[in-house]
Every structure is written in C-alpha cells, then in structure tokens.
Amino acid sequence: QVQLVESGGGWVQPGGSLRLSCAASGFTLSMCAMNWYRQAPGKERELVAGISSTGLTRNYTNFVKGRFTISRDRAKNTVYLQMNSLKPEDTAAYYCNAHRNEFWDYWGQGTQVTVSS
C-alpha cells in the first residue's frame, strides 16, 4: 500500500514561486531517499533534487541550484519542493520518487508545472 500523492502544481509567471508537496503513505521517510524528477515534452526524465533518509544530505541539479529547495516533514510524512525564481524552462511534469533499490522504487502520479507569461 505504498503510495505517493503529489499536489501544488499549476501555472505561474516567470520569476514566480510554487511549492510542490508529496504525501507518502505505507512507509516512513526515514526508510529511503526521496527525490523529485521532472520531464518536459520531448525530453528525458531528469533528477531535480534529492534528500537522504536522514534528511542531512540534499542534492540538486545545477540548473535549479540556488532556486529550488527540497525538504521534509517527518511528522506529516511529506516531502516538499520549494521552487523560486521560476523560468520557462522549468515547465515540466514533476514526479515524486521514493527509492531504496531497483526492487523498491515508487512514484507519484505527477503534477504539471507551467511557467509562462
């Protein structure tokens, strides 16, 4: 019954901000790494940000470093992606991912983020 439910996507103007949420159930965040991926039309899925099971290590792709922040709330079993200074090239479907190994790997349904004027 592992499940990841995403929310918070939508449309925003360039330079705006958006916060994505990923509510996890069926497991605790301390069991695994949590990641945010995105995929734009015609492009491969790419890793945007990740946070370790302890929450002590966070990694970002260079394209979003300094603008995006991944965080977690253990009490709510929820992972967030705060996105600031959004650019049109950030437009994509964003996916939450829980990962332990190739046999324990779960994905959210995806949420669309559109940045345009």
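Thresholds applied
For every chain, the first residue of the written sequence is number 1, and numbering continues from 1 along that sequence. In view of the model being predicted, local features appear only for residues whose pLDDT reaches at least 70, and side-chain atom pairs are presented and counted only at 80 or more, with totals across whole chains, interfaces and linings using the full set of residues. Side-chain numbers come from the whole structure's heavy atoms, not from hydrogens or water. Numbered from the N terminus, helices here are DSSP runs of H or I no shorter than four residues, and strands are runs of E no shorter than two. Note on exposure labels: buried denotes an accessible area under 20% of the residue type's maximum, exposed denotes more than 50%, and partly exposed covers the range between, all computed with a 1.4 Å probe on protein chains only. Here a residue-residue contact requires only that any non-hydrogen atoms of the pair lie within 4.5 Å. Disulfides are defined as cysteine sulfur pairs within 2.5 Å. Residues are said to line a cavity or pocket when one of their atoms sits within 4 Å of a point; the points come from a 1 Å grid over protein atoms alone, cavities being sets where a 1.4 Å probe fits but cannot get out and pockets being open sets with protein on both sides within 12 Å along at least five of seven lines. Grid points are joined across faces, edges and corners, and a volume is the space filled by probe spheres set on the points. For this classification, the nonpolar set comprises Ala, Val, Leu, Ile, Met, Phe, Trp, Tyr, Cys and Pro, the charged set comprises Asp, Glu, Lys and Arg, and every other residue, Gly included, is treated as polar. Paired strands, as defined in this entry, are two strands with at least two bridges between them according to DSSP.

Undergrad: Give a detailed account of the side chain of T61, specifying residues and quantitative values.
TA: Inspection of the secondary structure puts T61 in the loop between β6 (58-60) and β7 (68-73). In this structure T61 comes out as buried when scored by relative accessible area, which is 17%. Discounting chain neighbours no more than four positions away, the residues touching T61 are L47 and V48.

Undergrad: Which residues make up the state of the cysteines, and what values do they have?
TA: Tallied over the full model, the rule gives 1 disulfide. The disulfide partner of C22 is C96, and the S-S distance across this bridge is 2.1 Å. One quick way to see it: the torsion about the S-S bond of C22 and C96 is about -80°, and its sign makes the bridge left-handed. Here C22 is found in strand β3 (residues 18-25), whereas its partner C96 is found in strand β9 (residues 92-101), with 74 residues between them in sequence. Classification of C96 as buried rests on a relative accessible area of 0%. As a non-bridged cysteine, C32 has C96 as the owner of its nearest cysteine sulfur, 9.0 Å distant.

Undergrad: Quick one: what's the story with the environment of A23, residue by residue and with numbers?
TA: By the secondary structure assignment, A23 is in strand β3. Measuring from C-alpha to C-alpha, the distance between A23 and S7 comes to 8.4 Å, with 16 residues separating the pair along the chain. Excluding residues within four positions of it along the chain, A23 makes contact with Q3, L4, V5, N77 and T78.

Undergrad: Describe empty space enclosed by the protein, and please don't skip the residues or the numbers.
TA: If you walk through the whole model with that rule in mind, you get 1 cavity of 30 Å³ or more. Of the pockets and cavities examined, the largest cavity occupies roughly 60 Å³. Residue lining of the largest cavity: R38, Q39, A40, K43, E44, E46, E89, T91 and A92, and that is the complete set. A breakdown of the residues in the lining of the largest cavity according to their chemical character gives 2 nonpolar, 2 polar and 5 charged.

Undergrad: Can you lay out the pairing of strand β1 (residues 3-7) for me, pointing to particular residues and giving the numbers?
TA: Side chains L4 and E6 of β1 all project onto a buried face; the interleaved residues Q3, V5 and S7 project onto a face where none is buried. Summarising the sheet, β1 and β3 pair through 5 bridges and their orientation is antiparallel. From the neighbouring strand, E6 faces β3, where its bridge partner is C22.

Undergrad: How would you sum up the pairing of β9? Please name residues and give values.
TA: Of all 10 residues that make up β9, 7 are buried, and the element is covered over most of its length. Bridge analysis of strand β4 (residues 33-39) against β9 gives 7 bridges, and the strand direction is antiparallel. Paired with N35 across the two strands is N97, which belongs to β9. Taken together, the 3 bridges between β9 and strand β11 (residues 111-115) define a ladder with antiparallel strand orientation. From the neighbouring strand, A93 faces β11, where its bridge partner is Q112. Judged from the 4 bridges that link them, β9 and strand β10 (residues 104-107) form a sheet pairing that is antiparallel. Looking across to β10, one finds that A98 is bridged to Y106. Connecting the antiparallel pair β9 and β10 is a turn made up of 2 residues.

By themselves these figures say nothing about function.
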